[in-house]
Structures are given as C-alpha cells and as structure tokens.
There are 2 protein chains.
Amino acid sequence: MSGKILAIALLGATSSAAVAESSQYSHSDSAAAVQNYAPLFQQELDRSRSFVDEMMKIGVVVPVPKDPGGGYTHEQHKQNFKIIYQAGQLYKLTGEQKYADYARDILLAYAALYPTLGEHPARKNSQSSGRLFWQVLNDAMWMVDSIQGYEAIRDSLSAADRQNIDDNLFRKAAAFLSTGSAVTFSKIHNHATWATAGVGMTGYVLGDRNLVDVALLGLDKSGKTGFLRQSELLFSPDGYYTEGPYYQRFALKPFIVFAGAIEKNDPARKIFEHRDGILLKALTTTIQLTYDGHFFPFNDAIRDKSLKTDELFHGVAVGYAKTRDPGLLSIAQWQGRTVLTDDGIMVAKDLASAKAKPFPFASLLLADGPEGKQGAVAIMRKGDGMTGQALVAKNSSQGMGHGHFDKLSWQYYDNGLEIVSDYGAARFLNIEAKQGGRYLPENESWAKQTIAHNSLVVDEKSHFNGDRKAADKRAPEQLYFSGEMGSQISSAKMADAYPGVDFTRTMALLEVKGLDQPLVVDVMRVAAEEDHQYDLPLHYNGHIMRVGFDLASHVADRPVLGEANGYQHIWIDGTGKPVSPDNAFLTWISKDRFYTARWVPQTGSQTILAESGANDPNFNLRREPMLVNRVKNAKDIVFASILEAHGRYDGAAERTTRSDSQVKTIQHVEDGEKDLLLIETLAGAQSVLAISYDPDADKKHKATIAGQKISWMGFAAHLQLAGE
Amino acid sequence: MSGKILAIALLGATSSAAVAESSQYSHSDSAAAVQNYAPLFQQELDRSRSFVDEMMKIGVVVPVPKDPGGGYTHEQHKQNFKIIYQAGQLYKLTGEQKYADYARDILLAYAALYPTLGEHPARKNSQSSGRLFWQVLNDAMWMVDSIQGYEAIRDSLSAADRQNIDDNLFRKAAAFLSTGSAVTFSKIHNHATWATAGVGMTGYVLGDRNLVDVALLGLDKSGKTGFLRQSELLFSPDGYYTEGPYYQRFALKPFIVFAGAIEKNDPARKIFEHRDGILLKALTTTIQLTYDGHFFPFNDAIRDKSLKTDELFHGVAVGYAKTRDPGLLSIAQWQGRTVLTDDGIMVAKDLASAKAKPFPFASLLLADGPEGKQGAVAIMRKGDGMTGQALVAKNSSQGMGHGHFDKLSWQYYDNGLEIVSDYGAARFLNIEAKQGGRYLPENESWAKQTIAHNSLVVDEKSHFNGDRKAADKRAPEQLYFSGEMGSQISSAKMADAYPGVDFTRTMALLEVKGLDQPLVVDVMRVAAEEDHQYDLPLHYNGHIMRVGFDLASHVADRPVLGEANGYQHIWIDGTGKPVSPDNAFLTWISKDRFYTARWVPQTGSQTILAESGANDPNFNLRREPMLVNRVKNAKDIVFASILEAHGRYDGAAERTTRSDSQVKTIQHVEDGEKDLLLIETLAGAQSVLAISYDPDADKKHKATIAGQKISWMGFAAHLQLAGE
C-alpha cells in the first residue's frame, strides 16, 4: 500500500495521478451488426454506448484505494464496475471488439492491483472493511456487476489474460468476500446477500462449484446461512423485507440477479419457485411500497429514492421475463429505462407493442417476519399509485440496525405528495461535506427517535428506550385489516414498547358523503398501569393556514421542547389548549390542496406547534413542521383524530375553493371496551367509525352515539348515519 | 341591499339560496356544424364546452354581492364572467343556440340585479369599492370579459332583451366604472387600464362613441389620462411595466384585448403601431421577464404565477396574429393553452404545422420609466430560459404602491430553480383564512423591507426609510451593461436611498475556465459621508452543506436579529467572523446541484446565518434561509463576492461529484477609483473582473493584481489571466 500509482486520473479530478494515452479505444468498429431494437432498449444501448465511449477516451483509471464514500477513489471504483458491466454487455450485443478490449484492460489493471491490497485506509472497523472500498458491502456490489461484465467477455480473452483475471482478481476477491469476510458473509442481512450473489455468480463464471455452494448454503454449506436461507428469512411470506422499502429496493438486485444466474446454470433448482415464488413476490411488493414512484421512507431511508434506480430496472426486467405481468411494463414505462440484457430487450419490445397495463397499486396488508408473525405494513389506497390517496400504517417490526423506534406510526399521501410524513434517514448520501456521506449523528439523535415519527411517545422516551436489541425482540400485533373500498381499516397493538403501557391504534381511510377526498381516521387507545405523560406527534408537510385555537406563541425567543431522545431537536413555535374538537384543528396547504387535522382534546391536554432543527449546529437536519398533542399525568386514554383533504388553490386562475374544513365536528364515545368516532360534516352528513376490538367477524355489536343506536358486525365498521 | 335573492346556489355551496330547474340548457344541439381545428384549439374548445355545459346543469347563479375576495359571492361573480365570455365564444364558434341562451339568461339576471346595487358591503374604502365585487378593479375585470361574451350573442337577442341588457347592465356598469369611479378611472395605473378597457369595449359594442372617447382619452377627453396615455406612461420604451413582471402580466390583458378591439373598430388609429409598437413590445418583454416560465417575483408578486395564465394566453394569441413571431408559438406550446378566438385558431394551426421556434430568451437591458430614464432591469443569461442561467439585476425604480425597497437587488436562477431569491409578496391570494386573501401585514413588515432583499441595508433601516413617496422620486442609475456572452456585466448606482450614502453595484455573469457553470460576481461599492452599519443579505434557496468558518450557534434558544424594518422577522442561527476569502464561504445544495457563495471579509466584519419567520404568530411567512454580511462603523467600503454553481448529486445513481467549491480563493484590489476582483480556481485558472467606472468605452485602464499587470478598455472587463 505504498504510493504506487496504478491509477490514471480523470481529467482535473486529482493531481496525484497521470493521464493515459488511450486512443486505442477511440476508433469505432463500423463493421458491427446493427439490429433493430424497440425504442426503450435502443435508448439504453445508445446511452450505454455513449457512456462507455466517453470513458474510453479517458482510458483505464484504477486508483489505489484511499477515500471513504463520496471521495475520489470510491467514486472511481463505482464508475469502473459500471463500465465493466456495460462494456461487457455492449460487446455481447454489438460484437464490437473495442468493448471487450476495454473491459479486459480495466480488469487486468484490477488483477494487478488487487493482490497488493490490504485493509482499506478509510475503514471504520476491520470486520466490515473492504479492499477496494471502505466497506465490504461496496466490494460486493463491485463484484456483482463486474463478474457479469467479465462473463460477457471471458470467452474472447487469451488464455493468459483469462487465467490472470480469474486467479488474481475474481478468485481472490471471492475468497476475500467469503472466508475473508466471514462475519458479513454469514449474516442474514442484505450486505450478505450482495456478498453471496457476487461470490456465487463468480462461482458459476469460473466453474467453481465450491464458491456456488458456499454462496447458496453458507460457509459451512449447512444452509443455515447463505443465499437460500436469506431468501427465507429476509422476506416475509408477503415479500416484505424487514428493513423496509428503501433497503428492500437495495436488497432486491442481488436476489434477482443471482437468481437469474441460478436459473440459467442450475435450472433444476427452480429458484423462482422457491418458497412459493418469494423472489418475484418481493419484486411486486417492492413496487407496492411506493407512492408517486417513491419508496415509503420507513427507517433509514434516503427519501429521493424512487423506482428509477438500477436495482428496479433489473428487477422489472427479470420479473417481466418470468411473469409477463403487463403491470410491470407500465412501471418500465414510468422508469423510462431498462437493462442491457435479453430481458430488457423483451420489456422494450412488449412496451412498444402496447402490452402495458397500469400497475395494480392496491390496498394490502403485508405481514412482516420470516413467518409473517412480526407485525405488518397496512396500505390503504384510493385512486392510482401516483396521485391518489395512500394511508400507510407501519405496524411492522424494528427491522434490525436500520430500524426506527416508530411502532404503529403512519404516513399519508395525497395529490402526488407526502402529506403526513416520515423523516427517513438523517444522511446526505455520498456528500463529502456531510461526514463523508455516512449516516449523520442526527440519524441517532433525531431520525430514529420516536418523537420524529407519527407514533406515541411516553414520558419523552423512545420506544424500548431506544434499545435496538430490545426492539428486535418485540413486534407489533396486527389485529385487523379490511381493504374494502370506502371503509378501509387497519388496527394493530403494541405491547412492551414501554414498560406497563400498551397501545392499540386503528387507522382508517373512509369515504364520507360530501367530502372531496376520503378521510383519515386515527383512534389510538392507550392502556397503562401508572400515570404517564403522552405525546402524540403529527409530522405534516405544508404551510399553516389556520390554527383553530388560541396560541401562546414564542415569536421572539424560540425555546427547545426537551433535552433528549429527539426532543432536543424541536423548536417550539407556540402552545395552545383547545377544549373542543370544534376548535381543536389545524389547517395547512400543500401545493394546491388544503388539509385539516382535527382531534378530540383530552381534559387538560396541550397542543404544541413546533419545528425540527434545534441543536443542529451543522445544519444536518431538514426543518419541518409538526404538531404534538400532549397529555400529562394520564393512565388510560384515547387519542381520536381525523385528517381531511379539502378544496383547491388554483394560482393560475386565481381561484380558491373550500380552503376551510368541511367537517363541523367530531365526537369520540367510549362504550365499554368499544370506541366510536362520529364525524359530522358542515353539510350535515354523519359517519361513524365503530370499533369493537373483537376479532370474531360474526359477532354483532351495538352502541349509541349522538342519540342514535347503531350496530355492526365484527372488529370494526364504517357506518353512514342518517343525515343529508 | 336587502336579503333579496336573485341568486341560485351552487350545489352545496351555501344554504342561503335555492337551486333552479335548468334543464332547458341540458339538451345538446347535435345539428351544429363540426369543424376541424388543430389540436390545441380543439382541446380549448372541448375544455370550454365541458366547463360551460357543466355550469348549465347548475343554471343561472347570480348572488347578491356580499363577500370579499375569496368568498362565495366573489368567486361566483368571477365564475360568471368566465361563463359569459366562454358561452359567447362557443355560440360564435358552434352556432349552438343553447350557449347564446345561457349567456343571455345570466346577463338578464345581472340586468335585474345591477340597478339595485349600492356600495359593496365588504368594501375597504368608498373610493375603490365596486358594485359586484369588493373592489372596483374586479368590476372592471368582470366587464372586460362579459362585454366580449355579450358582443358574441348580442345580434341573436330579441330587441327587448338587448335593450334591457344594454341599458340596465352595461350602460350602468360603464357609467359606474367611468364617472362613478372617477378617481380610479383617471389613474395612470393598471386598475385604470382594466376600467378603460371595459368601458371602451362597451362603447364599441353599444355603439356609444362617448364611452370610447372617454376610455381612450380620459373623462375630460384631454388625453391626459385614459388608455392611450396609460400605454405611454405605464410602459418604458423597452416595454417594461414599472410595477414589475407580476403586474405587467396582469396589466397586459386589458391593453392587448382593448387594443384588439380598437384595431377592429378604429383601424385608422393603428393602435399596434402606437409609440413604436409598444404594446407588442410589452408582450415580448413580459415573456423575457420569466425563468422556467415563471415571472421574476419583483415587488408584490405572487410567486406561483407563470406564463400559464389567462392574460398570457390572450397576449400570445394576439401577439402572434399581429407578428407571426414563431417564438411565440413555442410559448403557446409550453402553455398548452390558447384562446377561443380567430387568433387562437391561427396559433393552434401554425403550431400543428410545426412552425414553432424556441422563444429567444436573451440577455437584455430593460430601461424603466416612461422615457427609459428611471433605472433598468438587467438580465444576463446563458442557455435556455427554462433550465439555463439567469442573473437578474433589479436596478429599476420603486414601481408605485406595490414596489419594494430593494434598490440594486438581484436574483440568480440555475438548473430550473431560483437559487438567489426574492421573497415576492406576503400574501396568499384568495385564501380566506389569510386575511381574506388580501396582502398580509407581513407584506409591509417583511416583504417590502430592504433586509428581505439582496440589497444593501444601512443602519438597519430600509431604503428611503420605507417611505414610498420618497422612493418614487429617486430611481437608480444604470451605468453600464454588456450582454457579451461569457462576460456579461451590469453596473448601476443608487444615490439618496439613504442620506449621505451612495452605493454602486456591479453584477457579472462570467465564464471561468474549468468551472461547471458561469460564475456570478458581485462588487458593491459604498460611499458615505459618515460612519454606518452596513448589512448585505444573501437570500438563497437550499440546504447548507458546509460553512467555511467557525460559527457561534444559537442552537437551543433562538434570538431575533432586530426590532424593526424586517429585522424583527429574522431568527439568528449563528454568527461567525471569517477573516479570509479562503474560509469566508457557504456551500448549499438545491435539488441536484451545489452552490458556494464566497466573499472577501471586511476587517472586523461579521457573518450572520439566519432564517425568516420570527415574530410571525399567524404563520404568515415562509421560512427561508439567508446569510447577512455585517460591517459596523464603516464609511467607504466595498463588498466583493462570488456565487459558484458546481457538481452534481445523483440520488438515483448514488453518485456525487464536485460537492465542494472549485474555487481556491478570490481577491479584491482597490486601485484608486478602480475595483478589481480576482478569482482563482483550484485547477489554477485566474480570472479578473476589472471595473474602471469610466463610461468612456475608448479609454484604456491599467492596474496590477496578484503581481500581474492588466489593462482593459472602458467601464469594465473580464480578463482571463495566464494560468492553467
């Protein structure tokens, strides 16, 4: 690891390397066959050709590893695996020798470099450090792409070059990723999926059965770890990945790509039928976990991740080739991208033949946990998955190290926007100025904390007191789900997130007569053995239009809400004490639509309007508004509230309609063990969400509300009462 | 003004009115001729037909005026003039009688209502109150559209109906708008333009020459007021409207529409040639005053206003019909809309014939004032008007009552976004909850104040001490402008905004070797007779990535910057004292690009990082970041700074490049009366902006900077020095 320079610099990128003469790639091989591809594939081919041709002008650039994520050598090695992959595919598709030559030369440079490498100088700890990159995960990702590029050109190489690249690069890298990084390789975790995929695909390409077996069955080949076990434990039977959609997207690529290689090399394994077709189910579930193409930002999610990402280009292409599901074609269309494989050719061709149908975004209950017993994610939708409504109840388990303390939290999407939001991760991916692009300290101090989510906080502490190990052991229990259009309801219970406190939350998306959009209803029932302080935050997205109640405002000296567990990051704007649902409301505008949150205030309760961003000297946090309903010294309690989307602001036409709430009032009635929430609109329509909490679907329940007798069957129901 | 109900309610909109049986309009007249229009026009026709047909189902709804802006009766009367206009055009285009009948019935309802009306109950003051609306301006807008709708059906009416509508509605309304609202009508102001247009067009339709003359020449027909005089005084010779682009857009419609009527009825007037074709010049200038289709938000501007607005649909159609400028077609294409007139038919047809060419967004100097002597707006661009760069120096005059105290302020656009921003107006147009949709108190206390702009604040007071009358009397002086690509430079001087203080600001958009985008350079030279405190704010749009200097942060108790003149609305995040341009910088990210502001710190100067939103108990303000460079107890001083756009954040590909500044340092040299600013990039390139302030273009100037002798001709120049 001396100052030896194998690197050849990008122009102007660094002064510590020289620029190579690389004109050997710059001529074009005009004799290559020209095929007619469908537009989507042709664009992909053109894009790739233009990218690789551009890179050829620069030449072979393989720097000695030095930088952490976001730094020069990190980005260059990332660039290189894309080049190797694409040059390989271009050679396969076009037959142009220059692409094989270029991929070969890069791989030869790596074959010279790789054996000289020790631990990465920018490693965080030895256990997970890579050779080419600061973390072994990136080495695995490098391998997954590079081995595919190598596969495409390997037959064209001289025996000597082949031997050199086989032995000095891929065998050594596979050894490093498997036995050399045994802890990571043996995890049941997406990092291990990348590693096993890289190693297993290398095994197929090199004809090394041992590598394949180790990848599939773990280092000891017992099947207790390895790729197959990962596919059993990492996805629930519904294809939900316990870390959440952002990592589901990330984990999907090695699953799908390695499965494709297994299918090709070991068809008898019927990998795509493994565990009831779990891999393809995981693919469609990944897509279901989006709104406007963006993943629900559960846990440590980077919010700008959408379906327009390499993993999903691969996923959609492989999935479509296996299933011919026309809904996947419309996703490819939205992506505007595909991959340089036979599957990509098929996607483009069938898309051009107008075979696409809208992807069936649906109301779904997605169980979490390998056996589907560790809670669930409930998705309630109306309209399409791009601009319709989506109410998401996150009743899933902690989801390992990237999990947040957000049990029974929720989000709401409408009109193309996230209206009730989840902060996601506190991280600026790959931006050097922000701690090298790693997770920021505020990811722990804010983003993971309960108060940063739309969940219940007891005594200003996070769930499980912020102890991830404890959180891993105890998942929510999904009690009920109905996806019936107009009356979608989900209910779940969380025990032991706080000692002696259980909470049960029922979320519903109800169509109420005369209202513009379906109404969100939220009934949170808390049962405790002792007195506590309860905070129920609502993180919303928009600009306040109207506060229904008097507010004591901190307009000239802004205090912080608390000391720890995320509270230190909250500025208080003002506090109020609404006493009735008639004035316990807040209206805001997001884009061109208005939203009103309305709740039944508890006796003595307080409402805090606030914003994130305190105690953030490095400006690491986004500043976002929130509302916190606080009840002190209470034992059993029910928080009942609604969220209403209404009206329209049309700036171009200078026309505004229904900018104020169309709901007159709401009323909560506790009838024994039952909860009833009545919603009365200004126009006089009355709706009730009635909850018995009784799982027996055939049992009839009766109650009285607003002087009217009602009855319903089973756990919960939505009733439209008499009224206009 | 009793409770008499002429109104027939929109379903569910109010309970104080009844719903009419209106099935007489609901049959369709299938015998109507079907013409083949180009797509854009056909869509317009379909949209209009669908709108009017929908309205017909509801019937005639003419409520007794009651509400202010945004309220029910206000919105309904606005709706009605759109219906009358469109039903009239539909009758003319399709010959379907039902449209004439519907427009007639609405007009008859108005003819019954109008004579009963006195002052509007929601008026602010008698002078400017309307009859149908709370302000007379809205009555005039009603008239401009309604009279065109009436014109289209008038010949089809029975003599009795015609007489009734002529006499009881339009004659009375014209009388009210002219002699009845003499103060407004006689102004040189856009409100008067709407009034004169409505009255004059009514004169043409009713064949009332007196109304036409009064409209064209003023109530006394002297020509000292009235439409013609307005067209001379309200636009500068470059077609700039002194109130700014937002109002320019608004004022344009009555000018263009009335001019169209004058051309038709009085072709000998050659109205479109009046004053060297000022009306069409005003149209193209209006379009030049946009970025990404949105108007530069000078003064009291609502920021979401774009070219997609009724006024510009009309403007583009009339303009194209007169000029056949193919650039206007591309604007129509971007708008995706046109109007229901012969001009609209032509626009759609020529657009379908692929005659469109990109609108030539250009670097321009637009003089302000009737004679072009009241300052100017300098626009410096690179690339297209949608995603390229635009540096805007607002060196124009106060612009009357909607003007802001922002002399020599600037904005910068890049990558489709406003990067250095202007707050615009503090107003939520037509949103009832926000003071009935009127200007908010914060429009005076924040939006108009100097500190809310990118301009110089002396002693924490606004320009002209916030006195608009004083501001109206003194405009900036544009000293120099060069639109030369790569070296665009504007320089202007402001005297008397503060007693005894002059300031001269030179803004430039320079292409510097090796940098991604052109660099913004800002040299502000202040000359004062006595010691003052100077604040130079930078209002930017983005999330802070890196602060170059140490910051004393207010992370747990956020103070306010000052007491008055806008300072009471500023929260302090932190303060620092950078001592060299090497660390006097701030880097932020906006969307996928990074920006670094860098400056030469003054001895003893302080930098304040802050945010708007303090002392805002009603949440009327947007919360936006700013940087303030403060120098205390200084007399003559030069603020020298640059703004650099660099790098890219690609979230999908997880790749970040050049997230840190590519500039090594900057250096300011004061050489006698001359200012020199040297920029040195990390790669070693050196550029100088040299300013002599000498208007003689033929005079040579010499200076020395960084040990190098340089020379240039005239006022200012951009020199690339030796270096890599």
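Before reading on, note that the structure itself is shown above.
What you see is a predicted model, and the numbers here were worked out from it, not measured in a lab.

The rules behind the values
Residues numbered from 1 in each chain as written. Chains lettered and ligands numbered in written order. Predicted model: local features only at pLDDT ≥ 70, side-chain atom pairs only at ≥ 80, totals over all residues. Heavy atoms only, no water. Pairing = 2+ DSSP bridges. Helix = DSSP H or I, 4+ residues; strand = E, 2+ residues; numbered from the N terminus. Buried < 20%, exposed > 50% of the residue type's maximum accessible area, 1.4 Å probe, protein only. Contact = heavy atoms within 4.5 Å. Axes fitted to C-alpha atoms, helices over the stretch in contact; angles between N-to-C directions. Core = buried A, V, L, I, M, F, W, Y, C linked by side-chain atoms within 4.5 Å. Buried area = accessible area lost by both parts, 1.4 Å probe. Salt bridge = Lys/Arg side-chain N within 4 Å of Asp/Glu carboxyl O. Polar contact = N/O pair within 3.5 Å; in protein donor to acceptor, adjacent residues only side chain to side chain. Nonpolar A, V, L, I, M, F, W, Y, C, P; charged D, E, K, R; others polar. Expected span 1.5 Å × (residues − 1). Bend = angle between axes of the 7 residues up to and from the residue. Least-squares fit on C-alpha atoms with pLDDT ≥ 70 in both. Parallel < 35°, antiparallel > 145°, perpendicular 65-115°, else oblique. Left-handed = near helix turned anticlockwise from the far one by under 90°.

S.K.: What should I look at first to understand the sheet that holds strand S8 (residues 457–458) of chain A in this one?
M.R.: Each strand in a sheet pairs with another by means of backbone hydrogen bonds, the pair being arranged parallel or else antiparallel. All names here are of chain A. Sheet architecture is open: six strands sit in the order S8-S13-S21-S20-S17-S15, paired in antiparallel fashion. Both outer strands of the open sheet, S8 and strand S15 (552–553), are each paired with one neighbouring strand and no more. As judged from the six bridges shared by strand S20 (residues 606–612) and strand S21 (residues 625–634), these two strands associate in the antiparallel manner. Opposite Ile 608, over in S21, you have Val 628 as the bridge partner.

S.K.: I tried to follow the pairing of strand S28 (residues 700–705) of chain B on my own but got confused; where do I start?
M.R.: Residues in a regular strand project their side chains so that they alternate between the two faces of the sheet. Residues and elements named next belong to chain B. Only one face of S28 is covered, namely the face carrying His 701, Ala 703 and Ile 705; the face carrying Lys 700, Lys 702 and Thr 704 is uncovered. Pairing analysis gives six bridges linking S28 to strand S29 (residues 708–713), with the strands arranged antiparallel. Across the sheet, Lys 700 pairs through a bridge with Met 713, a residue of S29. Where S28 hands over to S29, the hairpin turn is made up of two residues, of which Ala 706 adopts a positive phi near 50°.

S.K.: So what exactly am I meant to see when it comes to the environment of A:Leu366 here?
M.R.: All names here are of chain A. Note that Leu 366 resides in strand S3 (residues 364–367). Leu 366 gets classed as buried once you look at its relative accessible area, which sits at 3%. As for Leu 366 and Ser 396, which are separated by 30 residues in sequence, their C-alpha atoms are 8.8 Å apart. Excluding its chain neighbours within four sequence positions, the residues that come into contact with Leu 366 are Asp 238, Tyr 240, Thr 285, Leu 289, Ala 376, Val 377 and Ile 379.

S.K.: So what exactly am I meant to see when it comes to the sheet that holds strand S5 (residues 389–396) of chain B here?
M.R.: Residues and elements named next belong to chain B. If you walk across this open sheet you meet the five strands as S3-S4-S5-S6-S7, and the pairing is antiparallel. Only two strands of the sheet have a single neighbouring strand rather than two, namely strand S3 (364–367) and strand S7 (417–420). If you compare each strand with its neighbour and ignore which way they point, the axes differ by 20° on average. Bridge count for S3 against strand S4 (residues 375–382) is four bridges, and the pairing is antiparallel. For Leu 366, the partnering residue across the bridge sits in S4 and is Val 377.

S.K.: Looking at this structure, how should I read the nonpolar core?
M.R.: Soluble globular proteins: nonpolar side chains tend toward being buried together. A:Tyr110, A:Trp142, A:Tyr150, A:Leu169, A:Phe170, A:Phe258 and A:Ile287 are the most contacted members of the largest nonpolar core, which has 125 residues in total. Among residues more than four places away in sequence, those in contact with A:Tyr110 are A:Val62, A:His77, A:Asn80, A:Ile84, A:Pro115, A:Leu132, A:Trp142 and A:Leu169. Judged by nonpolar contacts, the second largest core, of 124 residues, contains B:Leu228, B:Val257, B:Leu340 and B:Val347.

S.K.: What is the right way to read the interface of chain A and chain B from this model?
M.R.: Where the parts come together, the accessible area they lose is often given as the size of the interface. Every contact between the two is made by 57 residues of chain A and, on the other side, 57 residues of chain B. Roughly 4500 Å² is buried in total at the junction of chain A and chain B, and carbon and sulfur atoms are behind 49% of that figure. By the criterion of area lost to chain B, the three top residues of chain A are A:Phe619, A:Glu654 and A:Arg655, representing 15% of everything that side buries. For the pair chain A and chain B, the interface holds ten salt bridges. Here B:Arg655 ties to A:Glu75 by a salt bridge, and the two come within 3.7 Å at their closest N and O atoms. Counting every contact that joins chain A to chain B gives 28 residue pairs in polar contact (both at pLDDT 80 or more). When residues of the side of chain A that touches chain B are traced back to their parent elements, those giving at least two are helix H2 (72–94), helix H10 (245–265), strand S14 (543–547), strand S16 (557–559), strand S17 (570–576), S20 and strand S24 (655–657) of chain A. Looking at the side of chain A that touches chain B element by element, the count peaks at five residues for S14(A). Taken together, the residues of the side of chain A that touches chain B break down into 25 nonpolar, twelve polar and 20 charged. As defined by bridge partners, S16(A) adjoins strand S16 (residues 557–559) of chain B across three bridges and the pair is classed as antiparallel. Following the sheet pairing, A:Asp557 is matched in S16(B) by B:Pro559.

S.K.: Hey, could you run me through helix H5 (residues 159–177) of chain B in this one?
M.R.: Owing to its 3.6 residues per turn, the α-helix brings residues three or four apart onto one side. Residue and element names in this part refer to chain B. Between its first and last C-alpha, H5 extends 25 Å over 19 residues, near the 27 Å set by a 1.5 Å rise per residue. At Asp 166, H5 is bent by approximately 35°, the largest bend along its length. Buried within H5 we find Asp 161, Ile 165, Asp 166, Leu 169, Phe 170, Ala 173, Ala 174, Phe 176 and Leu 177. Packing partners of the buried residues in H5 comprise helix H3 (97–113), helix H4 (136–153), helix H6 (182–185), helix H7 (190–206) and helix H8 (209–217).

S.K.: Help me understand the relation of the copies chain A and chain B in this model?
M.R.: Superposing the two chain copies requires a rotation about an axis and a translation along that axis. Superposing chain A onto chain B takes a rotation of 180° combined with a translation of 0.0 Å along the rotation axis, leaving an RMSD of 0.1 Å. Taken together, these values place the two copies in the relation of a two-fold axis. Residues of chain A ranked by C-alpha distance from the rotation axis are headed by A:Arg558, positioned 2.4 Å from it. Mapped onto chain B, 100% of the interface residues of chain A again fall at the interface, so both copies present the same surface.

S.K.: What is the right way to look at the side chain of A:Asp414 in this model?
M.R.: All names here are of chain A. Following the sequence through the fold, Asp 414 ends up in strand S6 (residues 409–414). Among the polar contacts made by the side chain of Asp 414, one reaches the side chain of Arg 593 at a distance of 2.9 Å. Here the side chain of Asp 414 touches Tyr 595 through a polar contact of 2.7 Å, side chain to side chain. Apart from residues no more than four positions distant in its own chain, Asp 414 is found in contact with Tyr 291, Thr 387, Gly 388, Gln 389, Ile 419, Gln 517, Arg 593, Tyr 595 and Ala 645.

S.K.: Hey, could you run me through the packing of helix H11 (residues 274–288) of chain A against helix H12 (residues 310–323) of chain A in this one?
M.R.: Helix packing geometry: the angle between the two helix axes and the distance between the axes. Residue and element names in this part refer to chain A. As a packed pair, H11 and H12 sit with axes 10 Å apart at the nearest point and diverge in direction by 125°. Between H11 and H12, the interaxial angle falls into the category oblique. Crossing hand, H11 versus H12: left-handed. Across from Leu 280, Leu 283, Thr 286 and Ile 287 in H11, the residues of H12 making contact are Leu 312, Gly 315, Val 316, Gly 319, Lys 322 and Thr 323.

S.K.: Can you help me understand unusual backbone geometry in this one?
M.R.: A negative phi holds for most residues other than glycine; trans holds for most peptide bonds. For A:Glu460, which is not a glycine, the phi torsion comes out positive at approximately 60°. Within the element layout of this structure, A:Glu460 appears in the loop between S8 and helix H16 (468–472). Residues other than glycine seldom take positive phi values, yet B:Tyr693 does so here, at roughly 65°. Looking at the secondary structure, you find B:Tyr693 in the loop between strand S27 (686–691) and S28. Of the residues examined, B:Tyr693 reaches a relative accessible area of 17% and is grouped as buried.

S.K.: I'm lost on the packing of helix H1 (residues 39–58) of chain B against helix H14 (residues 342–352) of chain B in this one. Help?
M.R.: Residues and elements named next belong to chain B. Their axes nearest at 7 Å, the elements H1 and H14 cross at an angle of 135°. Judged by the angle between their axes, H1 and H14 are oblique. Residue-level inspection shows Pro 39, Leu 40 and Phe 41 of H1 in contact with H14, the latter providing Gly 344, Ile 345, Val 347, Ala 348, Leu 351 and Ala 352. Here the contact of H1 with H14 is composed, by residue class, of eight nonpolar, one polar and no charged.

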